[in-house]
Amino acid sequence: MTIYLSGVGMTPFGKFRDSTLASLGSQAGRDALADAGVDPHAIEMIACGSARSGMLHARESGVGQLIGWDLGIEGVAVYNEKAFCASGAVAFNIAHMALASGAHDVALVVGVEKMSSREGAGRPLTSDGMALEGEQGFTPPAYYAMAARRHMETYGTTREQIASVAVKNRAAAQHNPKAQYRDPITVDDVLGSKGVVWPLHLLDCCPTGDGAAAAVLVNEAGAEKLGLEPTVRVAASVIGSGYYQKQDRDMTSFSLDRSTSARAYELAELGPSDIDVAEVHDSFSVAEIIHYEDLGFCEPGSGGKLVEAGETALGGRIPVNTGGGLLNRGHPLGATGVAQIVELCDQLTGRAGERQVADARTALAHISGGFHEGDFATSGVTILAVR
Amino acid sequence: MTELGELSLGASLLLRGPDSQYQLRASICPRCGDVRVPQRRWCPNDSTPCDQVGLSGAGTIYEAVNILIPPQGFDAPFWAGYIDLDEGARFFAQIACTEGEAPPRHGDRVQMNVEWIGTGDRRVLAPVFARVAT
């Protein structure tokens, strides 16, 4: 069964005090439905990713139902997914499986988060799986800073190479009107910004914010039923959880990403060299360098050189994070996994404007989600291709 | 007096050994010897029910970083990182480093002490690792 992306939509990402989970999610959903040319009443299921709706807004359950209600969608199956930063990617995966099984033919996927405000005080947003470490002062940038130190010492990766990820992704973001931060920056700006966890500085770290993204998926029966002729197919959608047997992990490489990407390439019958454009989890600048290597875009240890040579910039061999990445488009947790799909769909349909990658026909989205016992809790890899 | 683990796990990670010295509460698999902190009920390798064991807190720094912007409930800066304990478990903890002292780094040998960390109602009695001469 082949699954297609029929339409996508997203809100701008940023800090919007007057927005709500419902207003953000339904705006993105409405845009995706309009893009697909699909009436809300044709939707047969909703899959919704939202990581912190309970902690921040006392809406632990039913975010998908809330958005469906606002869109006038009723009487359908609704699945709510919570997988940290990968919540939207898991929602996409659920919809993909439901359509591939034939259980449903037309699905709406929504990722949404509102982080600029919270109802009442509470715990920091550190992963639930790291609550013990949180008692001792653990923060997500500390994890990536340790990975950066290991990568620098093991492979000679330089601080400037790590900063160049943030500079490259900001350069792309200036062409994305929905990105949270768009003014160009330099390596000196990154290194001169406030220290967060040495060696990472403020501009090495993604911001928090509000936003939503949505996609309409159909299988062959759904496309026929609605008279659609979508051009982008889902070649693979893979989700995995962490590996916990081995404790002395090498933090210069993440085994979970190696396994999810290998499975995705196998399902898509493609390899890393076939990918024309990619969205890669860059919550912290050094992460993108490590992910290049685990996704097979370059040899282990050479990710710093890859970005330094401009190979992952717009116009390079394999442009990465053409929408600005988490660092600059912003990272409303549950929305990001779907926003990556929106960006890649725009790339594959030639709608990316000044950040368009010429002749893009295959695309890969990668996202990590949360931590548990020193490893990531979730990894998602999606491969899209022009049919 | 709140000890590490009571807030997040419902049980302290600290044990008192026979000589009244603090130990780190861990699990050990009687079948394969796998050691975990925090302790597991069943071994993740072979599903055998685990026993409780106290660890002395000797280990080696895998990596350490200086946290400059702290989470709520902590004063910055402080050092923290992963410690590879001699019994085989990897454990995240704060690492002592006074002003003027060389930064902690990969491969440094450390020994666990127990100190108060954090501020206000988030203060907990927790392992803090100090470097030892080799």
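Structure: above.
Just so it is clear, the model here is predicted, and its values are computed rather than measured.

Thresholds applied
Residues numbered from 1 in each chain as written. Chains lettered and ligands numbered in written order. Predicted model: local features only at pLDDT ≥ 70, side-chain atom pairs only at ≥ 80, totals over all residues. Buried ≥ 20, exposed ≤ 12 C-beta atoms within 10 Å, placed from the backbone. Helix = DSSP H or I, 4+ residues; strand = E, 2+ residues; numbered from the N terminus. Pairing = 2+ DSSP bridges. Contact = placed C-beta atoms within 7 Å. Axes fitted to C-alpha atoms, helices over the stretch in contact; angles between N-to-C directions. Parallel < 35°, antiparallel > 145°, perpendicular 65-115°, else oblique. Nonpolar A, V, L, I, M, F, W, Y, C, P; charged D, E, K, R; others polar.

A. Fine view of the pairing of strand E5 (residues 58–67) of chain B. Of all ten residues in E5(B), eight are buried; the element is thus mostly enclosed. Taken together, the two bridges between strand E5 (residues 195–198) of chain A and E5(B) define a ladder with antiparallel strand orientation. When the bridges of E5(B) are listed, A:Trp198 appears paired with B:Asn66. With three bridges connecting them, E5(B) and strand E8 (residues 109–117) of chain B associate as antiparallel partners. Across the sheet, residue B:Thr60 finds its bridge partner in E8(B), namely B:Arg109. Direction of pairing for E5(B) relative to strand E6 (residues 78–85) of chain B: antiparallel, over a ladder of eight bridges. Within the sheet, the bridge partner assigned to B:Glu63 lies in E6(B) and is B:Tyr82.

B. Local environment of the environment of B:Leu9. Of note, B:Leu9 is situated in the segment before strand E1 (14–16). Setting aside anything within four residues of it in sequence, one finds B:Leu9 in contact with A:Leu132 and B:Pro38.

C. Region of the structure containing the packing of helix H7 (residues 159–173) of chain A against helix H11 (residues 285–294) of chain A. All names here are of chain A. Running from N to C, H7 and H11 point in directions that differ by 100 degrees, and their axes come no closer than 8 Å. By the criterion of interaxial angle, the relationship of H7 to H11 is roughly perpendicular. From H7, Ile-162, Ala-163, Val-165 and Ala-166 reach across to H11, where they touch Ser-285, Val-286, Glu-288 and Ile-289. Counted by class, the contact of H7 with H11 contains six nonpolar, one polar and one charged residues.

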